[in-house]
Amino acid sequence: MCGIVGYTGKNQAAPILLDGLSKLEYRGYDSAGMAVFDGKTLRSEKTPGRLNALVEMTHDGKLLPGTLGIGHTRWATHGKPTRANAHPHFNAAGTVAVVHNGIIENYLDIRQRMEKKGFAFKSDTDTETLAVMLDYYYTGDPVETIIKVLHRVTGSYALGIIFADHPGELYAARKDSPLIVGKGKDGNYIASDVPAILKYTRDVYYIENEEIAKITEKDIVFFNIDAEEIKPELHTVEWDVNAADKGGYEFYMMKEMSEQPKVLRNTCEPRMKKGSIAFEELSKDADIIKKASKIHIVACGSAYHAGMTGKYVIEGMARIPVEVELASEFRYRDPVYTDDEIVIAVSQSGETADTLAAVKEAKAHGVPVWAIVNATGSSMTREADRTLYTFAGPEISVATTKAYSAQIAVFYMLAILFAKERGQLDANEEKSYVEDLKRLPEQVELLLGNKERVQKFANRYISARDVYYIGRGLDYAIALEASLKLKEISYVHAEAYAAGELKHGTISLIEKNTLVTAIVTQEALYDKTISNIVEVKSRGAFVMAVTNVGHSEIEENADFVVYIPTTNKYFANSLAIIPLQLFAYYVSAGKGYDVDHPRNLAKSVTVE
Ligand code: F6R
């Protein structure tokens, strides 16, 4: 979704804005623009298309001189991706510039009201209503004016604002859309996300809902919606500066897939102590863990698929009923809670609007909410009662890989914790699971090391039109994620089916050479899924199988097999997903697509 960068300081703003926006490209966008003020003239350029077009139009920013600026990449919601709809938006006199992420829900009412007062609009966007209102309500005091406007809007916003009669001053405000303020040496910054400013500073403030910041080269002052000064805490971001770079890989997705061994170590090691699992974050929740009658997992997309894995593992190990639900459904369903339930939200970004709303809905009912989140300081970490971080580092590619792997590892550890605390697991069993957990990173490395074999296979299937993924139990959870990976980056129609469900309809779609990928890691279900493989084979399917090492007899029925190293039945997903991520990657790259920026998708889905 939209990306915002702002700067005020000693240096030229435009190159900093362009550089910051390039670090936010992963969020998905279809137009870009910026406004820069040199103390006299507020200049702006904007364009539909990629950021490169803006770089060229402005001669790397040289055509927009000045040391105060705001930049924006827009993911169209209201109005097409045109120059007129691109941000920044201005008042009629061109003295107020605004960039916005989020949705102003009552923008039509405001627009009509402002039109009656004689204001004209140049775009179809909701954002322009803010620029017009900032003009109409302007008192000469920017903070006072911003507050007046914010009182009149409903919806979500992260805002960067410049007033031409306040040189050197950058204003920011936020509600339900992410925005951080960075404190630098040669100036200060605003950004939608840390990678945009990591090169310049690691010291950040997280602006809370309905807070406003006044930022100059030397000072950052925060206000609440009642114009009272407040003092938020300054945080230091631990991320490595190079973490947001491609590090020599052609695409971030390959870099991030390759980081999975490290990510698994970083996520698991702090929670493994002497053969035992402990979450410091949950040290006060022993009672909740012991008494839990049911767990609701809420999430979207791949995080939802991680939740599916979580369900099978927690139910299997700890014998607690788990319901996994799409956050967009959960939030409007008026769910029924009974005593002692827990909600676990899962999100890489910590900003997904539906998951965030589901968290709020559960909290409003007094249910304890834990969040498995990757992005430090994101909105969800502030809404949830507990945050269990996945230490995956910044994930830039739109298609998640390493964050997903970290999420399922957190579920394994939670399952062990619940099982142990509820007497379902003895110390020896726990130790054996911890040993398996420790082995996962090198096993993932092994699978990554065989990527050329998957690449060759992907090249053969590059023009596949439909691909089916089948599996049972935990293998079905992987099928869901594998099929999403393929469709989102390769634009190939892919569907995941519980293997036993195929013959209830979908098998009619299988014809000669249809690619069916069978995931067969669950020993107890092995023969059952083999029967399903035989069924599709006899209808002409070409079968790729992912199974445990030692099952070479599968080659009698499968045409291409990837073997995964031995682990226990619960952790196999961490291994089986690797060749399937690689397959999706190579199909997309082989077709010449921009793997990291699939069409129509945004990394951080901050609107409903
Ligand atoms: C798919 C993907 C998305 C996200 C989903 C939730 O590769 O990345 O399906 O998993 O949009 O995003 P987060 O985890 O940020 O809440």
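All figures in this text were calculated on a predicted structure; none of them were measured in a lab.

A. Up close: the layout of surface pockets. One number sums up the size of the largest pocket: a volume of about 500 Å³. What lines the largest pocket is a set of 25 residues, and nearest its centre among them are C300, G301, S302, K603 and V605. Only α9 (301–318), β20 (341–347), α11 (353–364) and α16 (474–490) provide two or more residues apiece to the lining of the largest pocket. For the lining of the largest pocket, the leading source of residues is α9, giving three residues.

B. Layout of the packing of aromatic side chains. Per the stated rule, a full pass over the model turns up 21 aromatic pairs. Aromatic ring contacts, followed pair by pair, group F457, Y461, F542, F560 and F583 into a single cluster. Positioned above the aromatic ring of Y491 is the side chain of R599, whose terminal nitrogen or guanidinium carbon lies 3.8 Å from the ring centre.

C. Representation of the packing of α9 against α16. Where α9 contacts α16, the two axes come as close as 8 Å, and the packing angle between them is 170°. With respect to α16, the axis of α9 lies roughly antiparallel. Contact with α9, carried on its side by G301, S302, H305, M308, T309, Y312 and V313, involves L474, Y476, A477, L480, E481, L484 and K485 of α16 and no other residues of that element. When its residues are assigned to classes, the contact of α9 with α16 shows eight nonpolar, four polar and two charged.

D. Structural context of unusual backbone geometry. In this structure, the amide linkage connecting H87 to the following residue, P88, adopts the cis form with an omega of 5°. In this fold, P88 is placed in the loop between β4 (68–74) and β5 (89–90). Unlike most non-glycine residues, R319 shows phi in positive territory, near 60°. Along the chain, the position of R319 falls in the loop between α9 and β19 (322–326).

E. How the structure looks around the pattern of salt bridges. According to the stated counting rule, one finds 34 salt bridges in the structure shown. Between K10 and E217 there is a salt bridge whose closest N-O contact spans 3.2 Å. Linking K10 in the loop between β1 (3–9) and α1 (13–23) with E217 in the loop between β12 (211–215) and β13 (220–224), this pair joins segments that are 207 residues apart in sequence. In this structure E217 comes out as partly exposed when scored by relative accessible area, which is 26%. As a salt-bridge pair, E421 and K290 come within 3.7 Å of each other at their nearest N and O atoms. Note that E421 is positioned in helix α13 (residues 402–421) and K290 in helix α8 (residues 286–291), a separation of 131 residues in sequence.

The rules behind these values
Residues numbered from 1 in each chain as written. Predicted model: local features only at pLDDT ≥ 70, side-chain atom pairs only at ≥ 80, totals over all residues. Heavy atoms only, no water. 1 Å grid on protein atoms, 1.4 Å probe; cavity = no way out; pocket = protein on both sides within 12 Å on 5 of 7 lines; lining within 4 Å. Points joined across faces, edges and corners; volume = space filled by probe spheres on them. Helix = DSSP H or I, 4+ residues; strand = E, 2+ residues; numbered from the N terminus. Phe/Tyr/Trp six-rings, centres within 6.5 Å; stacked < 30°, edge-to-face > 60°. Lys NZ or Arg CZ within 6 Å of the ring centre and 35° of its normal. Axes fitted to C-alpha atoms, helices over the stretch in contact; angles between N-to-C directions. Parallel < 35°, antiparallel > 145°, perpendicular 65-115°, else oblique. Contact = heavy atoms within 4.5 Å. Nonpolar A, V, L, I, M, F, W, Y, C, P; charged D, E, K, R; others polar. Salt bridge = Lys/Arg side-chain N within 4 Å of Asp/Glu carboxyl O. Buried < 20%, exposed > 50% of the residue type's maximum accessible area, 1.4 Å probe, protein only.

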